[in-house]
Amino acid sequence: MCAIVGVFGDNEAARIAYYSLFAMQHRGQEATGISVSSGEHIKTIKKRGLVTDVFDETALKSLAGEMAIGHNRYSTAGSESVLDAQPVFASYKLGELSVVHNGNLINKNEVRNSLIEEGAIFQSSMDTENIIHLIARSHEGHLQDRIIEALKVIKGAYCLCIQSRTKMFAIRDRYGVRPFSLGKLPNGGFIVSSETCAFDLVGAEFIRDIKPGEMIVFEKGSDTYKSIQLFEPDPHICAFEYIYFARPDSDIEGKNVYATRQEMGRALARECQIEADLVIPVPDSGVSAALGYANESGIPFEMGIVRNHYVGRTFIEPTQERRDMKVKLKLSPIRSLLKGKRIVVIDDSIVRGTTAKRIIRILKEAGASEVHVRIASPTIEHPDRYGIDTPSYKELISANKSVEEIREYIEADTLSFLSIDALKQSLGSDTNYSLVSFDGNYFIK
Ligand code: AMP
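A. Layout of the overall build of the protein. Of the regular secondary structure elements, the protein holds 17 helices and 23 strands. The C-alpha radius of gyration computed for the protein amounts to 23 Å, which stays within 12% of the reference 22 Å derived for 445 residues, consistent with globular compactness. Taken over the C-alpha atoms alone, the protein extends approximately 70 × 45 × 45 Å along its principal axes. Residues classed as buried in the protein amount to 55% of the 445 residues present.

B. Inspection of helix 4 (residues 108-117) at higher detail. Taken residue by residue, helix 4 has Val111, Arg112 and Leu115 as its buried positions. Angular distribution of buried residues about the axis of helix 4 spans 95°; they occupy a single face of the element. Exposed and facing more than 90 degrees away from the buried side of helix 4 are Asn109, Glu110 and Glu117. For helix 4, the elements touching its buried residues are helix 5 (128-137). Backbone geometry just downstream of helix 4 places Gly119 in the positive-phi region, at approximately 105°.

C. Representation of the sheet that holds strand 8 (residues 167-172) in the model. Here we have six strands laid out as an open sheet, ordered 5-6-7-8-12-13, and antiparallel in their pairing. A strand with exactly one partner marks an edge of an open sheet, and here the two such strands are strand 5 (88-92) and strand 13 (225-229). If you compare each strand with its neighbour and ignore which way they point, the axes differ by 20° on average. Looking at chain direction, strand 6 (residues 95-105) and strand 7 (residues 156-163) are connected through eight bridges and run antiparallel. Opposite Gly103, over in strand 7, you have Tyr158 as the bridge partner.

D. Quick peek at empty space enclosed by the protein. Taken as a whole and judged by the stated rule, the model has one cavity of 30 Å³ or more. The space that makes up the largest cavity amounts to roughly 60 Å³. Residue assignment for the lining of the largest cavity shows that the elements contributing at least two residues are strand 20 (342-347), helix 13 (354-365) and strand 21 (370-375). Examining the composition of the lining of the largest cavity, we find that four residues originate from one element, helix 13, more than from any other. Class assignment for the residues of the lining of the largest cavity results in seven nonpolar, one polar and one charged.

E. Main features of the pattern of salt bridges. Summed over the entire model, instances satisfying the criterion amount to 25 salt bridges. Between Glu30 and Arg73 there is a salt bridge, and its shortest N-O distance comes to 3.0 Å. In this pair, Glu30 is assigned in the loop between helix 1 (13-23) and strand 2 (31-37) and Arg73 in strand 4 (residues 67-73), connecting sequence segments 43 residues apart. Both residues of the pair, Glu30 and Arg73, count as buried. Of the charged contacts in the structure, one is a salt bridge between Glu263 and Arg266, with a shortest N-O distance of 3.0 Å. In this pair, Glu263 and Arg266 are both assigned in helix 9 (residues 257-271), three residues apart and thus about one turn of the helix distant. In this structure Arg266 comes out as partly exposed when scored by relative accessible area, which is 22%. A single network of salt bridges, built from pairs that share partners, joins Glu12, Arg15, Glu57 and Lys61.

F. The arrangement of the environment of Gln123 in detail. Here Gln123 lies in the loop between helix 4 and helix 5. If we ignore the near neighbours within four places in the chain, the residues touching Gln123 are Leu83 and Glu129.

G. Looking closely at the site of the ligand. Taken together, 16 residues sit near the ligand, with Asp347, Asp348, Arg352, Gly353 and Thr355 positioned nearest. Within the side chain of Tyr244, an N or O atom sits 3.0 Å from a nitrogen atom of the ligand. With respect to the ligand, the backbone of Gly353 contributes an N or O atom lying 2.7 Å from an oxygen atom. Contact with the protein chains removes 85% of the 500 Å² of surface that the ligand exposes when unbound. For the shell around the ligand, the secondary-structure elements that each account for two or more residues are helix 8 (239-245) and helix 13.

H. Spotlight on the sheet that holds strand 11 (residues 205-209). Taken in spatial order, the seven strands make up an open sheet running 3-2-4-1-10-9-11, and their pairing is antiparallel. Two strands in the sheet have a free side with no partner beyond their single neighbour: strand 3 (42-48) and strand 11. Strand-to-strand, the axes of this sheet are offset by a mean angle of 15°, without reference to chain direction. Both strand 9 (residues 181-184) and strand 11 contribute to a ladder of four bridges, which runs antiparallel. Bridge pairing in strand 11 places Lys184 opposite Glu205.

I. Representation of the pairing of strand 8 within the structure. Counting buried residues along strand 8, five of its six residues qualify, which places the element largely inside the surrounding structure. Where strand 7 meets strand 8, five bridges bridge the pair, whose relative direction is antiparallel. Residue pairing for strand 8: Gln163 is matched across the bridge by Met168. What sits between strand 7 and strand 8 in their antiparallel hairpin is a turn of three residues. Pairing of strand 8 with strand 12 (residues 214-219) involves five bridges; the strand directions are antiparallel. In the strand pairing of strand 12, Ile171 is matched with Met215.

J. Looking closely at the packing of helix 4 against helix 5. Packing of helix 4 against helix 5 brings their axes to within 10 Å, and their N-to-C directions diverge by 45°. As the angle between them shows, helix 4 and helix 5 are arranged oblique. Seen along the crossing, helix 4 lies across helix 5 with a hand that is left-handed. Here helix 4 contributes Lys108, Val111, Arg112 and Leu115 to the contact with helix 5, which in turn contributes Glu129, Asn130, His133, Leu134 and Arg137. Residue composition of the contact of helix 4 with helix 5, by class: three nonpolar, two polar and four charged.

Here is what the cut-offs are and how they apply
Think of each chain on its own: its residues are numbered from 1, step by step along the sequence as written. Since the coordinates come from a predicted model, pLDDT governs what is reported: local features require at least 70, and pairs of side-chain atoms require 80 or more to be given and counted, while whole-chain, interface and lining totals use all residues. The side-chain numbers reported here are obtained from all heavy atoms of the structure, hydrogens and water having been left aside. Where helices and strands are cited, they refer to DSSP runs of H or I of at least four residues and of E of at least two residues respectively, numbered from the N terminus. Every radius of gyration here is taken over C-alpha atoms, with the globule rule written as 2.2 Å times N^0.38, N being the number of residues. The buried label applies to any residue whose accessible area, calculated with a 1.4 Å probe on protein chains only, is under 20% of its type's maximum; exposed applies above 50%, and partly exposed to all values in between. Think of it as the arc spanned by the lines of direction from the helix axis to the C-beta atoms. Here, residues are in contact when the closest pair of their heavy atoms is within 4.5 Å. By this definition, two strands are paired if DSSP reports at least two bridges between them. Between N-to-C directions, angles span 0 to 180 degrees; the directions come from axes that are lines fitted to C-alpha atoms, helices contributing only their stretch in contact. Cavities and pockets are found on a 1 Å grid laid over the protein atoms alone: a cavity is a set of points where a 1.4 Å probe fits but cannot escape, a pocket is an open set with protein on both sides within 12 Å along at least five of seven lines, and a lining residue has an atom within 4 Å of such a point. Grid points are joined across faces, edges and corners, and a volume is the space filled by probe spheres set on the points. Basically, the charged four are Asp, Glu, Lys and Arg, the nonpolar ten are Ala, Val, Leu, Ile, Met, Phe, Trp, Tyr, Cys and Pro, and anything else, Gly included, counts as polar. By definition, a salt bridge exists where a carboxyl oxygen of Asp or Glu is found within 4 Å of a side-chain nitrogen of Lys or Arg. For each residue, the test is whether any non-hydrogen atom lies within 4 Å of the molecule or strand; if one does, the residue is near. Polar contacts, as used here, are pairs of N or O atoms within 3.5 Å; protein pairs need one atom able to donate a hydrogen and one able to accept it. Residues neighboring in sequence count only if both atoms are side-chain atoms. Here, Shrake-Rupley sampling with a 1.4 Å probe gives the accessible areas, and only protein chains in the shown set may cover a residue. Should an angle fall under 35 degrees it is taken as roughly parallel, and over 145 as roughly antiparallel, whereas 65 to 115 is taken as roughly perpendicular and any remaining angle as oblique. It is the rotation of the near helix from the far one that decides the hand of a crossing: anticlockwise by less than a right angle makes it left-handed, clockwise makes it right-handed.

Okay, here's the thing in structure tokens:
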């Protein structure tokens, strides 16, 4: 998961990076950081915490320069160190370097072990550090060639922003798994970012998506950018960005996420019809698909469950009792609306089955007479491995139970998932998508 941003050619570069990271807080809440180049030096501030907690006015003012890169880190198990925050900074033979990365490298252990064999020392558990080492030990005379050499060694899903004191490189892997877009800033500079929702906040104009396999180079003194197609494109755009991860107001590959989710909801209504009185979403992840489902089925849409936005991810929940309390704190039913009603409840996905089970209990306790669960994506039967944080086969409920067994487990009256074909149709045929969670096609070998 994670978010990255790069800002070039604006003397408010750090502030623009800050707003962009704020717009992309949903992609990572564990840690955040910004590096700025003044032309002479690169300065980095990074810490655990949310964007607004880490950066105040003093911090932003201290990050003076026209070029900035930034990162939001998504928490994954066992990595609570600030050393795992990005940007990753290093001094090396040609000067100073700072890197941010979104994605997941599949050969990170192999590469790391061979670097360690050759004497490299690592400070963190991040695969991003591999890239820095590969660049630093290359014998090429120019940073651009060193980066290209490093990219030939790493395998996996990546969007990268690499900054030296005078240049910035934005790179997307040849599969284009994670989104990455290019925009123009109002003052003439440029911005690259994981999602286009960042552009709207900083007044940037969308130029285009960075192409799979492309490197874009920005250089101090030039008012434009250079594009180099490094690798043959083989598009596998992550379908899960559209289903769950990206913000609804972002566009990926020219397609709006909200509209695509609505289309998935409409397709779900066509595939899995049921007689009911109300369509309600699991807030907030099921809202767009539920609207599509309601429009297509003609069943009225209601926000039957209210979400309290102040219940954070870090709420301590050591016991089952406390976990149940957390759900009660987070989600409350509107009893008068639900009592005696046949409900279709829509969510974007089922991973472990925890949310669905709890939601159904809430609805039944509120007096719903029937609860029909409709999921606007296919069954998740495989871990993602390319940058979406999904659990192992053991914990994925659809890898271990049939749809009927899941229905029984979550205590729904009926349960249906969107088919893979309908998902593909909702996404359209203008490019190719990664459906790895659903079909287990691990296309990066
Ligand atoms: P679960 O409760 O484990 O079945 O997870 C399903 C819920 O988590 C749904 O409401 C999704 O919106 C949300 N979700 C799906 N994928 C992820 C993910 N990779 N990380 C966090 N939440 C997710």
